[in-house]
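# Observations on the three-dimensional arrangement
Read off the chains here:
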Amino acid sequence: MGKQINSAYSLPADHPPDAAGSRKLKAGRRWESPLAGYLFISPWLLGFFLFTFWPMIQSAYFSFTEYSLLEAPKWIGLDNFNKILNEDRLFYKSLGVTLWFVFISVPLKLMTALLVAVLLNRKLRGMHIYRTLIYFPSLVGTSVAIAILWSNMLGTDGFVNKLLSYAGIEGKSWIGSPDTALGTLILLAMWQFGASMVIFLAGLKQISGELYEAASVDGASRIRQFRTITIPLLSPVILFNLVLQTIAAFQMFTQAFVITKGGPINSTYMFALYLYEKAFGRLEMGYASAMAWILLLIIGAVTALIFFSSRYWVFYATDGGKSK
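Residues numbered from 1 in each chain as written. Predicted model: local features only at pLDDT ≥ 70, side-chain atom pairs only at ≥ 80, totals over all residues. Heavy atoms only, no water.

Rule in force here: UniProt positions are given in the numbering used here, feature names are shortened, and annotations may be inferred rather than shown by experiment.
The protein appears in an unreviewed UniProt entry as Sugar ABC transporter permease from Paenibacillus oenotherae. Under the UniProt heading Sequence similarities (unreviewed entry), the note attached to the protein is "Belongs to the binding-protein-dependent transport system permease family." In its Subcellular location (unreviewed entry) section, the UniProt entry covering the protein states "Cell membrane".

Pasting the structure below:
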């Protein structure tokens, strides 16, 4: 009987599978094919090649041409790059303003986001409501409407000067003075800390509370716990936010275009604003394309420098501490 049962459930080695089994094997092989994955991501791939990769190729070609959108591009080699680097004063002016904006606004924005994230990480009743209210302005923070509102608030007769007048202080046009115009844009960038705050908050949730309890037992103060526990364990998240915000700050355009239009006296003349005026104001598409590629190289160099420096201040638990 046992032999009959075994023979019923086992097939000889040379016994061919039935039709149903063959279809199942073929179906299994078909779904294991990578074509299914490519099919699912095909909308993204199509968008990437049509709206990102192909425009980049065109921009690279136009950077070596004289092109005004109204005539066919004319090949001029490296003349655009030579003119930008050796003759264009506004290029260096706009680049200097942009670098100044990046190196001040990004650290201040990240520090603000981290401070708010630490406060919102506390266990209090209704904390989810506070998180929503604080994050909400960031949903519209980069819009044209917010830029116009910011411009009205900091104008000569704006809300800020009215508050100062109650204290007997005579205000001025904060966006109309070369000494304070860039500071207003930096302040607006700090106010748009919501995205970084959410990422910091997620990173703080991953830090075990037992570490803080052990440090408290050892007598460590809150400041020392923040310095020796929070910052090292959060350093990969800091690196992530630093890279993202640095790249975004280099491309800052909307606020400068709507609020100050690059003035006064070019004190807020951002690189992206100069590039926009060259491309769509003067129809010098070839020149603007060359500027765009120079900006890409600058962003790449700064990003590479950040990653190179990260080996000295970013720590990973999987590597036994310091990054490699």
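### Observations regarding the overall build of the protein
We count it as follows: Where helices and strands are cited, they refer to DSSP runs of H or I of at least four residues and of E of at least two residues respectively, numbered from the N terminus. Every residue pair with non-hydrogen atoms within 4.5 Å of one another is taken to be in contact. Here, Shrake-Rupley sampling with a 1.4 Å probe gives the accessible areas, and only protein chains in the shown set may cover a residue.
When its secondary structure is counted, the protein shows 16 helices and 4 strands. If you take every contact in the protein between residues at least 6 apart in sequence, the share linking residues at least 24 apart comes to 65%. When the accessible area of the protein is evaluated, it comes to approximately 20,800 Å², of which 66% is carbon and sulfur surface.

### With respect to the layout of surface pockets
Put simply, the rule reads: Of the grid points, spaced at 1 Å and generated over the protein atoms alone, those admitting a 1.4 Å probe that cannot get out make up cavities, while open sets with protein on both sides within 12 Å along at least five of seven lines make up pockets; any residue with an atom within 4 Å of a point is treated as lining. Grid points are joined across faces, edges and corners, and a volume is the space filled by probe spheres set on the points. Gly falls in the polar group here, along with every residue not listed as nonpolar (Ala, Val, Leu, Ile, Met, Phe, Trp, Tyr, Cys, Pro) or charged (Asp, Glu, Lys, Arg).
A volume near 680 Å³ is recorded for the largest pocket. Lining the largest pocket are 18 residues; nearest its centre among them are Val-118, Asn-121, Arg-122, Tyr-212 and Arg-222. When residues of the lining of the largest pocket are traced back to their parent elements, those giving at least two are helix 6 (89-120), helix 11 (194-205), helix 12 (209-217) and helix 13 (222-250). Residues of the lining of the largest pocket, tallied by class, amount to 8 nonpolar, 6 polar and 4 charged. Computed from the structure, the second largest pocket encloses a volume of approximately 550 Å³. Forming the walls of the second largest pocket are 19 residues, and the residues nearest its centre are Ser-59, Leu-275, Ala-288, Ala-292 and Trp-293. Counting residues per element, the lining of the second largest pocket draws most heavily on helix 16 (residues 285-309), which supplies 8 residues. Class assignment for the residues of the lining of the second largest pocket results in 15 nonpolar, 4 polar and no charged.

### Some points on the side chain of Ser-196
Heads up, the rule is: With a 1.4 Å probe rolled over the protein chains alone, any residue whose accessible area is under 20% of its type maximum counts as buried; one over 50% counts as exposed, and the rest are partly exposed. Here a polar contact means two N or O atoms within 3.5 Å. Within protein one must be a hydrogen donor candidate and the other an acceptor candidate, and residues neighboring in sequence count only if both atoms are side-chain atoms.
By the secondary structure assignment, Ser-196 is in helix 11. Overall, Ser-196 belongs to the buried group, its relative accessible area being 0%. A polar contact is formed between the side chain of Ser-196 and the side chain of Gln-245, at a distance of 3.1 Å. When near neighbours in sequence (up to four residues on either side) are disregarded, Ser-196 contacts Leu-110, Ala-113, Asn-241 and Gln-245.

### Description of a nonpolar patch on the surface
In plain terms, the rule: Grouping into patches uses exposed residues only, defined as over 30% relative accessible area, and leaves out salt-bridged ones; the cut-off is 9 Å for like charges and 5 Å for nonpolar side chains (Val, Leu, Ile, Met, Phe, Trp, Tyr). In what follows, salt bridge is the name for a side-chain nitrogen of Lys or Arg lying within 4 Å of a carboxyl oxygen of Asp or Glu.
On the surface, Leu-35, Tyr-38, Phe-40, Ile-41 and Trp-44 cluster together into a nonpolar patch covering about 660 Å² of accessible area. In terms of residues, the nonpolar patch owes the most to one element, helix 3 (residues 35-40), which gives 3 residues. Take Tyr-38: it is sitting in helix 3.

### Examining the nonpolar core
Counted only if it meets this: By convention a nonpolar core is built from buried Ala, Val, Leu, Ile, Met, Phe, Trp, Tyr and Cys residues, the set being connected through side-chain atoms within 4.5 Å.
Phe-101, Phe-200 and Met-270 are the most contacted members of the largest nonpolar core, which totals 67 residues. Sequence-distant contacts of Phe-101, defined by excluding residues within four places in its chain, comprise Val-106, Leu-182, Leu-185, Ile-186, Ala-189, Ala-249, Met-252 and Met-270.

### Quick word on unusual backbone geometry
Note the cis peptide between Gly-263 and Pro-264, where omega equals -5°. Within the secondary structure layout, Pro-264 lies in the loop between helix 14 (254-260) and helix 15 (271-281). Although it is not a glycine, Leu-69 sits at a positive phi angle of roughly 75°. The residue Leu-69 is located in the loop between strand 1 (65-66) and strand 2 (74-75) in this model. Phi is positive for Lys-261, which is not a glycine, with a value near 55°. Relative to the assigned elements, Lys-261 resides in the loop between helix 14 and helix 15.

### Here we look at the packing of aromatic side chains
For the record, the criterion: Pairing of aromatic rings covers Phe, Tyr and the six-membered ring of Trp, with a centre-to-centre limit of 6.5 Å; geometry is then stacked below 30 degrees between planes, edge-to-face above 60, and tilted otherwise. Note on geometry: a ring has a charge over it if NZ (lysine) or CZ (arginine) is within 6 Å of the ring centre and within 35 degrees of the ring normal.
All told, the structure shown has 18 aromatic pairs when counted by the stated rule. Consider the rings of Phe-91 and Phe-271, whose centres lie 5.7 Å apart with planes at 75°: the pair is edge-to-face. Of this pair, Phe-91 sits in helix 6 while Phe-271 sits in helix 15, and the two are 180 residues apart along the sequence. Across the pair, Phe-271 and Phe-91 agree in class, each one buried. For the pair Tyr-276 and Phe-280, a centre-to-centre distance of 5.4 Å together with 40° between the ring planes defines the contact as tilted. Residue Tyr-276 and its partner Phe-280 are both found in helix 15; the two are separated by 4 residues, about one turn of the helix. Here Phe-280 falls in the exposed class, since its relative accessible area comes to 54%. Connected via pairs of aromatic rings, a cluster forms that spans Tyr-61, Phe-62, Phe-64, Tyr-67, Trp-75 and Phe-81. Stacked on the ring of Tyr-287, the Lys or Arg Lys-278 has its end atom at 4.5 Å from the ring centre.

### A look at the environment of Ala-290
Looking at where Ala-290 falls in the secondary structure, it is placed in helix 16. Each C-alpha atom of the pair Ala-290 and Phe-62 lies 7.7 Å from the other, and the pair is 228 residues apart in sequence. Apart from residues no more than four positions distant in its own chain, Ala-290 is found in contact with Ser-63, Asn-80, Phe-81 and Ile-84.

### What about helix 5 (residues 79-86)?
The test is simple: The directions considered for the arc are those from the helix axis to the C-beta atoms.
Those residues of helix 5 not exposed but buried are Asn-80, Phe-81 and Ile-84. Angular distribution of buried residues about the axis of helix 5 spans 95°; they occupy a single face of the element. Looking at the packing, one finds that the buried side of helix 5 touches helix 4 (42-62), strand 1, helix 6 and helix 16.

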